[in-house]
Amino acid sequence: MAFVSFLIPCFVIGTDIAFSCQNTDDFVGASSPGDIVIGGLFAVHSEMLHPEEHPIKPVIQNCAGFEIQIFLQTLAMIHAIETINNSTLLSGVTLGYEIYDTCAEVTKAMASALRFLAKFNSSKDVVEFKCNYSDYVPRIKAVTGASYSEVSMAVSRLLALQLIPQVSPASSAEILSDKIRFPSFFRTIPSDFHQTRAMAHLICESGWNWIGVIAIDDDNGRFALESFGVQAMANNVCIAFKEMLPAYLSDNTFQTKVDHAIEKIVKETRVNVIVVFMRQFHVLKLFKKAVERNVNKIWIASDNWSAAVKISTIPNIRQLGTIVGFGFKSGDISTFQDFLRNLHEKPTDNNKFLHEYIMLLSVCAHLEYHDFQMCISNQSQDDLLQNVENKHQIWRDGFLNANIEPGFIHSTILAVYAIAHAIKGQCKDRNCKDPSAFTPWELLEELKKVTVIDDDKEIKFDSNGDMSTSYDVLLWKEIDGHMEITTMAEYDPEKGDFIFEDEEKKKEFLDLKKVQSTCSQHCRPGQMKKVTESPHTCCYECVYCPENHYSNQTDMDYCYRCNNKTYWAPANSTTCYRKTIHFLAWTDWFAIFLLLLSAFGVVLVLSISVIFTRNLNTPVVKASGGLTVCYIILFSHFLIFLSTVFFVDEPTEFKCKTRQALFGISFALCISCILIKSLKILLAFSFDPKLQNFLKCLYKPIPTVVTCTGIQVIICTFWLIFRTPFVKQNFSIPRAIILECNEGSIVAFGIMLGYIAALAFICFIFAFKGRKLPENYNEAKFITFGMLIYFIAWIVFIPVYATTFGKYLPAVEIIVVLISNYGILCCTFLPKCYIIIYKQETNTKSAFLKTIYTYSSKSAGSVAVSQISLDSKSSSSRATISDSCKSEKNSVNGNCHFQVPGQRLIKGEVLPKNTARTVARKRLSSI
């Protein structure tokens, strides 16, 4: 097997040279021996200095920008290890540590990682190249860190070569959950996926949809921006602008891009919410410039800086507006606070970070709080003194405690304890005082199963290597002239909900809605969004919902359509209204009017029945066909009037089936009886033998009535069986439902009406032929008028019925029924009633005989004249008549007599009186 050794150069921290050390141990920031050593990677400094000489040499430079918060995380790791060593957790096995400063640079972090990979007890820190590292024992068993995701991505790939577990308390990039690319990476915080979703949820809950985003231009910033973009889109939040700032402060374009970002914020006046994914030293530069430009917005802070005390102490920070952030959930860190109070008593020989902090205290001792903090951050390692005397005199009690970011401290301690519990699992049956007792990859498998008790809760790594702890929603508030970072709520990543301790906290959360940050005004209920030419969906116009549509929420993308059959809505509506049910109700004035007409018709029928019953034996009643026929006709009229009742009020299946059948059969019965009367009268007064013979064959009263009515019964029966009428809801009117009867078959309805019309037409023909009967018997003339009224009414009905809709459609048919029924009733019976009541002198037998006698005489004379006229047209006929007159012996008074059809012997001009009387009696008796 080939072996390749890598010697890691180390440099000693000096005061007059640009490089650091001459032996490898000087490269370690803090260390402590132990049976099992844990590595640590923390960005204690914010940047690495870059040499100005050329050419550039491969030398790791000193760093600048001492970060108090990250320094506190190194102390939290040391405190956790010391606490474990003083406990019984590992049963006599001690933990050691080697903590390195990455200076927020991947390059320096990789150098530290190379030393982690070096073989245990190798005097030259040699990293052996192997094809199989299963039995390889590196210098450390696990790593805590790094502080930033970009560094963790690089280091994790290197540590994955030997599957050395890496547990980060701060790297939250979503991509680190990918166990294919980062198989040995774990973290004690949630992924950025949950943070960006929480941010988007907060923005959505506050009614904002037009925001800006500022991020650093590194892997972590780009991944966070991408993740937030997805979550924002899912919550209908639009990003008005995105500004990327250089990842390193040493970049000579940094300040220019900060100025450009501030200009963009000032220019976008509708953007009042800014989401910031940056490191603390980036935010410091940005906020200082924002304070100068009097920018006042709502700032959404990522977990990197949401609890940064040094940012909260910027002068005039309150002018920037409201700062809301998401920080990692903290636990009980009281023991760590006690550790910090006694920190000045700790030796600094093996902790260069603590030594540097004390030197910074000496350099900046004369400054006030904020300036003192800025002084510490702005010093480089090249500027510091090596030796500091009277450490107790310059120590500032409470300064470190005041700068604690609880979430990061808690997650760092949690990372150490997770590793310790995994070591405990490996040391059950092994002698862990021997560093080769287990390998890192075995510890990795144990770490996947670890369960840690935190605040009486069991937490463990999920399949992605993440601990799904919750977030604290932090609100920066000014209290007594100082900016305080308070917890406003808790965000549960699993449920996606905000949890409030009390109503006051909830009110603070709801007060955020007072600030508007939208591209367009909110569309009210009753309106919908109309997309404009802007590429952003959040920029739109608000338009009213059209008719029969509604919206019941703000900012709806579209209006809901009402169920057009049963609901309706006006324009700009927030709800649908149920359509009112319309039908021709009893209470409708027009229905009342029609029913009164029907009732009057019934009264009229009853009155006529009474009149005819009381004058049963008078010639008028007898001439009308007798009481039986009159009763049948009047009863049919009564049923027709009664059928109109079924056209009123809410339609039912029974009403729909009954009304047309009752009307059709009753009308057919009525006209059948009138037809028989017309035939009888025409037969009685007809002088044409051929016509008389035809009428005698046709005149079968009972069979005719039964047949004519029976045909209508058959039509209605087939109609009701095969295409029966039914109740139908008519939705053609926008705001109402018309309950109406669907006739089932228009053809059947037409056949029924057509059949009645055919009977009426036949009746009309017969009545028209008998229109010149005697005055007392001139019923045919009135029947003719009645049939004409019927025809006119129903001819008008067809187009009106076809073009009318709505609840008054049944009224159209009622009107036609009433008109035709009244027309026939009045024409048939009212003249007779008039004679019975007001012309009683003509309602006698003698008056009738006289009328008939006069009519018969005129009719016979007319027939004789007509016969003579016809006979004179032929010579043969003339000869016959002449011979007859000469030879006939039966001439009377010198006049010639001749035979006429229908009479035995009629004079050429006048019939004898006794003959006329005989004819009159026969006509009267036939009637």
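The text that follows walks through the structure, step by step, so that each part is easy to find.

Criteria and thresholds
Residues numbered from 1 in each chain as written. Predicted model: local features only at pLDDT ≥ 70, side-chain atom pairs only at ≥ 80, totals over all residues. Heavy atoms only, no water. Helix = DSSP H or I, 4+ residues; strand = E, 2+ residues; numbered from the N terminus. Buried < 20%, exposed > 50% of the residue type's maximum accessible area, 1.4 Å probe, protein only. Contact = heavy atoms within 4.5 Å. Areas by Shrake-Rupley, 256 points an atom, 1.4 Å probe, with all protein chains shown as cover. Core = buried A, V, L, I, M, F, W, Y, C linked by side-chain atoms within 4.5 Å. Pairing = 2+ DSSP bridges. Axes fitted to C-alpha atoms, helices over the stretch in contact; angles between N-to-C directions. Disulfide = S-S within 2.5 Å. Patch = residues over 30% accessible without salt bridge, like charges linked within 9 Å, V, L, I, M, F, W, Y side chains within 5 Å. Salt bridge = Lys/Arg side-chain N within 4 Å of Asp/Glu carboxyl O. Lys, Arg positive; Asp, Glu negative; His and termini not counted. Charge placed at Lys NZ, Arg CZ, Asp CG, Glu CD. Polar contact = N/O pair within 3.5 Å; in protein donor to acceptor, adjacent residues only side chain to side chain. Parallel < 35°, antiparallel > 145°, perpendicular 65-115°, else oblique. Nonpolar A, V, L, I, M, F, W, Y, C, P; charged D, E, K, R; others polar. Left-handed = near helix turned anticlockwise from the far one by under 90°.

**Some remarks on the overall build of the chain**
Per the secondary structure count, the chain includes 28 helices and 29 strands. Buried residues in the chain amount to 53% of all 927 residues. Counting only contacts in the chain whose residues sit at least 6 apart along the sequence, the fraction spanning at least 24 positions is 70%. Only carbon and sulfur atoms are counted for the fraction: they give 57% of the accessible area of the chain, which is about 42,700 Å².

**Section: the nonpolar core**
Leu75, Phe287, Trp299, Trp305, Phe336, Tyr357 and Leu400 are the most contacted members of the largest nonpolar core, which totals 110 residues. Looking at which element gives the most residues to this core, the answer is helix α1 (residues 68-85), with 11 residues. For Phe336, the residues in contact, after removing those within four places along its chain, are Leu72, Leu75, Ala76, His79, Ile404, Ile409 and Ile413. Counting 71 residues, the second-largest nonpolar core is a separate cluster that includes Phe612, Val621, Met787 and Val817.

**As for the sheet that holds strand β26 (residues 726-730)**
Sheet strands line up and pair through hydrogen bonds in the backbone, either parallel or antiparallel. Overall, mixed pairing links the 3 strands, which are arranged β25-β27-β26 in an open sheet. The open sheet has two free edges, formed respectively by β25 (580-582) and β26, since each of these has just one partner strand. With direction set aside, neighbouring strand axes in the sheet form an average angle of 30°. Sheet topology places β25 next to strand β27 (residues 736-742); 3 bridges connect them, and they run parallel. Residue pairing in the sheet places Thr580 in a bridge with Ala736 of β27.

**Digging into the pairing of β27**
The buried fraction of β27 is high, at 6 of 7 residues. Sheet topology note: the β26/β27 ladder contains 5 bridges and is antiparallel. Paired with Val727 across the bridge in β27 is Cys741. Linking β26 to β27, which pair antiparallel, is a turn of 5 residues.

**Regarding the state of the cysteines**
Counting across every chain of the model gives 9 disulfides. The disulfide partner of Cys238 is Cys538, and the S-S distance across this bridge is 2.0 Å. The sign of the 85° torsion about the S-S bond sets the Cys238-Cys538 disulfide as right-handed. With a gap of 300 residues between them, Cys238 in strand β10 (residues 238-246) and Cys538 in the loop between β19 (527-531) and β20 (540-544) connect regions that are remote in the sequence. This pair shows no difference in class: Cys238 is buried, exactly as Cys538 is.

**Some points on a negative patch on the surface**
On the surface, Glu501, Asp502, Glu503 and Glu504 cluster together to form a negatively charged patch. Mapped onto the secondary structure, Glu503 falls in helix α16 (residues 503-511).

**Observations regarding the side chain of Asp101**
Inspection of the secondary structure assignment puts Asp101 in strand β5 (residues 95-101). Notably, Asp101 is buried but unbridged: the nearest opposite-charge side chain belongs to Lys108, and the N-O separation is 4.8 Å. Looking at Asp101, its side chain comes within polar contact range of the main-chain nitrogen of Val44, at 2.8 Å. Side-chain polar atoms of Asp101 contact the backbone nitrogen of Cys103, separated by 2.9 Å. When near neighbours in sequence (up to four residues on either side) are disregarded, Asp101 contacts Phe42, Ala43, Val44, His45, Cys63, Lys108 and Phe353.

**A short note on the packing of helix α22 (residues 701-722) against helix α23 (residues 746-769)**
The N-to-C vectors of α22 and α23 enclose an angle of 170°; their axes lie 9 Å apart at closest approach. In terms of orientation, α22 and α23 fall into the roughly antiparallel class. Here Thr707, Cys708, Thr709, Ile711, Gln712, Ile715, Cys716 and Trp719 of α22 come into contact with α23, specifically with Ala748, Phe749, Ile751, Met752, Tyr755, Ile756 and Leu759. For the contact of α22 with α23, the per-class residue count stands at 12 nonpolar, 3 polar and no charged.

**Things to note about the packing of helix α2 (residues 106-117) against helix α3 (residues 149-159)**
Where α2 meets α3, the closest approach of the two axes is 9 Å, and the angle between their N-to-C directions is 30°. Classified by the angle between their axes, α2 and α3 sit roughly parallel to one another. Viewed along their axes, α2 and α3 form a crossing whose handedness is right-handed. Together, Val106, Ala109, Met110, Ala113, Leu114, Phe116 and Leu117 of α2 and Glu150, Val151, Ala154, Val155, Leu158 and Leu159 of α3 make up the contact between the two elements. For the contact of α2 with α3, the residue count by class is 12 nonpolar, no polar and 1 charged.

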